[in-house]
Structure formats: C-alpha cells, structure tokens
Amino acid sequence: MNPAPIGIFDSGVGGLSVAREIRRRLPGEDLLYFADHAFCPYGGRPLEVIRGRSVAVVGELIDRGAKAVVVACNTASGAALETLREEYSVPIVGLEPAVKPAAANSRVGRIGVLATAATLQTARFHRLVQTYGQNVEIFQRASPELVELVEAGEISGESVERLLDRTLAPLREAGIDKLVLGCTHYPFLRDAIQDVMGAEVEVLDSGEAVARQVERVLAGMDALAINDGPGDIRLLTTGDREQVEAIVRRLWTGPIEVQSVDQLRRWGGEPSGSSTT
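Residues numbered from 1 in each chain as written. Predicted model: local features only at pLDDT ≥ 70, side-chain atom pairs only at ≥ 80, totals over all residues. Heavy atoms only, no water.

Q: Give me the pattern of salt bridges: which residues, what numbers.
A: As enumerated under the stated definition, the model contains 15 salt bridges in all. Among the ionic pairs, arginine 107 bridges to aspartate 177, the shortest N-O distance being 3.9 Å. With a gap of 70 residues between them, arginine 107 in the loop between helix H4 (99-105) and strand S5 (110-115) and aspartate 177 in the loop between helix H8 (158-174) and strand S7 (178-181) connect regions that are remote in the sequence. Given the relative accessible area of 3%, aspartate 177 is considered buried. For arginine 190, the salt bridge identified is with aspartate 205, shortest N-O distance 2.1 Å. Of the two residues, arginine 190 sits in helix H9 (residues 190-197) while aspartate 205 sits in the loop between strand S8 (202-204) and helix H10 (207-220), which places them 15 residues apart along the sequence. Taking relative accessible area as the criterion, aspartate 205 reaches 26% and is therefore assigned partly exposed. The network of salt bridges with shared partners includes Glu82, Arg124 and Arg127. (Salt bridge = Lys/Arg side-chain N within 4 Å of Asp/Glu carboxyl O. Helix = DSSP H or I, 4+ residues; strand = E, 2+ residues; numbered from the N terminus. Buried < 20%, exposed > 50% of the residue type's maximum accessible area, 1.4 Å probe, protein only.)

Structure, rendered in structure tokens:
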C-alpha cells in the first residue's frame, strides 16, 4: 500500500471535475492538484507549448511525491500524453473525449463534441474520431469562452445561459442526441448545458471513467492508500493564490489548501496571459 498522493493537473480549475470523481471513488486517497494558471487556458496555445508545460508540471508533481499522475485536461492529454509516458516512469493516466460511448449509443447517428480548439486539432482526437466515428456524424464545436467562465467561478446565471445558448445553437440545429464534453471545465456547467440542449440529449464526460482507470492502475501496483478518514487535497497554482482560492471555494466542496508555486524547475515556455483567465 502506498500513502503518497495522486497527482492531478490542468491549466486551471477545470480538472477539479475529474478530482471530484476520483475523490468519490477513492475517498481515502490524498490528492495533489496542480493548476497552471500562468498559462491558462491551454486550449488556445500552440501544441509545443502545451507539451512543454505538461512535461514541466508533471515533473513538479513527481518531485513532490506523486505516485501516479492524472492529466485532467483533454488538451494536454491530446498534445502530450505519449511524451509524458516516455519522459516519466510513474503511471500517467490521460483523458479522451467520450466519443466511443456516444457513437455506440446514439439513436439518430448524430453526436456533438464540445471542446477547445487545441483538443479538436490533436492527432489523438482525430484517431478517436476515425476509430469510433465511422457510423455517425460528429459535429464539433470549440468554445474557449466557457473555460473563462469556469475560471471566473461563473457556472450559472443569465450570462452563462446566453453564452451557452449561442455556443450550442449549431449542435441543437444538427439534431444530435449525444453531447460529449471534451474539456474538464465543462462538467461544472453540466446543468446549464443540459437545460439548453433539452432532456432528449444525453450529456457525457470522461471523469467517472478516469476515476475507474486510476483505481485499476493503483490496485495493479498494490499502491492504493488505506486511510481511516478522508484523504487530503492540496492545490498548487502558478497564478495568484488569493484569486484562485476564491474561485476554488465555489467549485469544491470541503476543505482544500491552496498554495502558490513561483517557479517550476523545468522549462515550459513563457506565460503570455493573465494569471487566472
């Protein structure tokens, strides 16, 4: 048994939707979450920058004792998963949009994928579509604005509804019956997305499947923690700690410690945006 933490990372707070599923399935595990706010969002950045940041962040998590790392970001998984597995010896669990179950269970043969532009451009996503999308039409929609809403802690209200109505209109018009959330920020908007799409459209994400895979990987290593009480969670950020902490409190139920990371020990590019959006 291994009491070391599970490392989880994303460009911002979106990957907390995955951490939430891991916490539900493995409540005794300690979690070490890294939010790379200095480079958030990853979705609009060149793939080589995303790859460099992913290598830097995962290295930091391993240096801090992570026994396995979850790439809780579809964009980073698409851009860097193979590189990370070549670079590091600890298990690396990645994400992929839930195209396979959506395509397999579509009644009308039309599904939608809502993701970042970078995710939709990756070779991993194109392979996913080629493998599982042969018998369905797949309608893709990119929306970096939704990431910005979640990073601001806005997950409901009129402004959210207006943006979702505009963003999802082409998918409604296409007559899809499955909508894949291809960004870990989007599950925080699930209720609002469901309202806009209607009850006849099933909304899918990958969080629960990733949590099951983490459990399988750790069990196979005999590395599951055995704790009497709930595990801890710490969040590291390359952004402004106070700003990030205020947003995290809106998205995470229960105590969570937020710490600043001033500088990574590995190169990962130069930031060019604001610290939290």
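Q: Provide a residue-level description of helix H6 (residues 123-132), including the pertinent values.
A: Of the positions making up H6, those classed as buried are Phe125, Leu128 and Val129. Down the axis, H6 shows its buried residues gathered within 95° of arc, on one side only. Exposed positions of H6 whose direction lies more than 90 degrees from the buried face are Gln130 and Thr131. (Arc of directions from axis to C-beta.)

Q: I'd like a description of the sheet that holds S5, backed by residues and values.
A: Strand order in the open sheet formed by four strands is S6-S5-S7-S8, and the pairing between neighbours is parallel. Because the sheet does not close on itself, it has two edges, and the strands there are strand S6 (137-142) and S8. Adjacent strand axes in the sheet meet at a mean angle of 20°, parallel and antiparallel pairs treated alike. When S5 meets S7, the two strands line up parallel, connected through four bridges. Bridging across to S7, leucine 114 finds its partner in leucine 181. In the packing of H9 onto the sheet, the strands contacted are S5, S7 and S8, and the crossing angle to S8 comes to about 150°. (Pairing = 2+ DSSP bridges. Axes fitted to C-alpha atoms, helices over the stretch in contact; angles between N-to-C directions. Contact = heavy atoms within 4.5 Å.)

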